[in-house]
Amino acid sequence: MKNLLHELHEYFYFTRLERNASFTLFLLCSFFFLLPNIYPLIMPPKPEYDFTEYREAIMAAMAESKAKKETASPAPKFRGENKKAVPVELFKFDPNTATKEELIRLGILPRTANTLLNYRSKGGRFFKKEDLKKVYGFR
C-alpha cells in the first residue's frame with residue numbers, strides 16, 4: 001500500500017514551477033473566458049447613428065447627376081473618338097514585321113502604332129500574343 005501511494009505521489013506531484021505555471025494558466029483561461037462579459041462594462045457600446053438624411057442627400061445627388069447625364073451630350077472616351085471612324089480590316093499579321101499602315105488597317109490608333117514601331121526599333125520582340133500587352137496604349 002505504501003508503495004502504491006508513493007508511485008501515485010510521484011506521478012501526480014508538481015514541482016513549485018509547475019504549480020505556478022498551472023495557476024497562471026488557470027488565471028489566463030478564466031480571464032479570457034470572462035472577457036466577453038466584462039468587456040461591455042469597461043467599453044460601453046457606441047451609439048447608433050441615424051443615416052436617413054445622409055441617404056436622402058445621396059439619392060438627391062444621384063438623381064440630379066442622372067438628369068444632367070440625360071440632357072448632356074455623351075463625352076468621348078478618348079481624344080480620337082470624335083474623329084472620323086476608320087474601317088477595321090482583319091487579317092493575319094506578324095507584329096515583328098508589320099508596317100504602320102498595316103497596323104492602322106487593323107484598327108490600331110496611329111499613336112499606338114508608332115509606339116509599337118518604336119518598341120521594335122529599340123530591340124523589342126514579340127514571341128507570343130500576350131507580349132503585345134508590353135506596348136503602352138495597346139488594348
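In this text, all values refer to a predicted model and were calculated from it rather than measured experimentally. (Residues numbered from 1 in each chain as written. Predicted model: local features only at pLDDT ≥ 70, side-chain atom pairs only at ≥ 80, totals over all residues. Heavy atoms only, no water.)

1. Some words on the overall build of the protein
A tally of helices and strands in the protein yields 5 helices and 0 strands. The secondary structure elements of the protein, listed N-terminal to C-terminal, are α-α-α-α-α. Sorting the 139 residues of the protein into buried and exposed places 10% on the buried side. In the protein, 21% of the contacts between residues at least 6 apart in sequence involve partners at least 24 apart. Carbon and sulfur atoms make up 63% of the accessible area of the protein, which amounts to about 13400 Å² in all. (Helix = DSSP H or I, 4+ residues; strand = E, 2+ residues; numbered from the N terminus. Buried < 20%, exposed > 50% of the residue type's maximum accessible area, 1.4 Å probe, protein only. Contact = heavy atoms within 4.5 Å. Areas by Shrake-Rupley, 256 points an atom, 1.4 Å probe, with all protein chains shown as cover.)

2. A short note on the packing of aromatic side chains
For the structure shown, the criterion picks out 4 aromatic pairs. Plain terms: the ring middles of F31 and F32 are 5.3 Å apart, the flat faces sit at 70° to each other, and that makes the pair edge-to-face. Residue classification places F32 among the exposed positions, given a relative accessible area of 54%. Seen in terms of ring centroids, Y119 and F126 are 5.2 Å apart; in terms of plane orientation they differ by 40°. Their pairing is tilted. (Phe/Tyr/Trp six-rings, centres within 6.5 Å; stacked < 30°, edge-to-face > 60°.)

3. Quick look at the side chain of T112
Checked against the element boundaries, T112 lands in helix α5 (residues 110-121). When sequence neighbours within four positions are dropped, the list of residues in contact with T112 reads V135, Y136, G137 and F138.

4. Quick notes on the confidence of the model for the protein
Scored by pLDDT, the protein has a mean of 84; 88% of the residues are at 70 or more. Least confident of the elements in the protein is helix α1 (residues 2-12), whose mean pLDDT is 81; most confident is helix α2 (residues 16-42), at 93. (pLDDT = per-residue confidence, 0-100.)

5. Notes on the nonpolar core
Ranked by size, the top nonpolar core spans 9 residues in total: A98, L103, L106, I108, A113, L116, F126, L132 and V135. Apart from residues no more than four positions distant in its own chain, L132 is found in contact with P95, L116, F126 and F138. (Core = buried A, V, L, I, M, F, W, Y, C linked by side-chain atoms within 4.5 Å.)

6. Quick word on the side chain of N96
Tracing the chain through its elements places N96 in the loop between α3 (52-71) and α4 (100-105). Judged by relative accessible area, N96 falls into the buried class, the value being 16%. At a separation of 2.9 Å, a polar atom in the side chain of N96 contacts the main-chain carbonyl oxygen of F126. Apart from the residues within four sequence positions on either side, N96 is in contact with R120, R125 and F126. (Polar contact = N/O pair within 3.5 Å; in protein donor to acceptor, adjacent residues only side chain to side chain.)

7. A word on a nonpolar patch on the surface
On the surface, F33, L34, I38, Y39, L41, I42 and M43 cluster together into a nonpolar patch covering about 790 Å² of accessible area. Mapping F33 onto the fold places it in helix α2. Judged by its relative accessible area of 65%, F33 is exposed. (Patch = residues over 30% accessible without salt bridge, like charges linked within 9 Å, V, L, I, M, F, W, Y side chains within 5 Å. Salt bridge = Lys/Arg side-chain N within 4 Å of Asp/Glu carboxyl O.)

8. Concerning α3
Its 20 residues place the ends of α3 29 Å apart at the C-alpha level, agreeing with the 28 Å of an ideal helix rising 1.5 Å per residue. For α3, a buried count of 0 out of 20 residues is recorded, marking the element as mostly open to its surroundings. (Expected span 1.5 Å × (residues − 1).)

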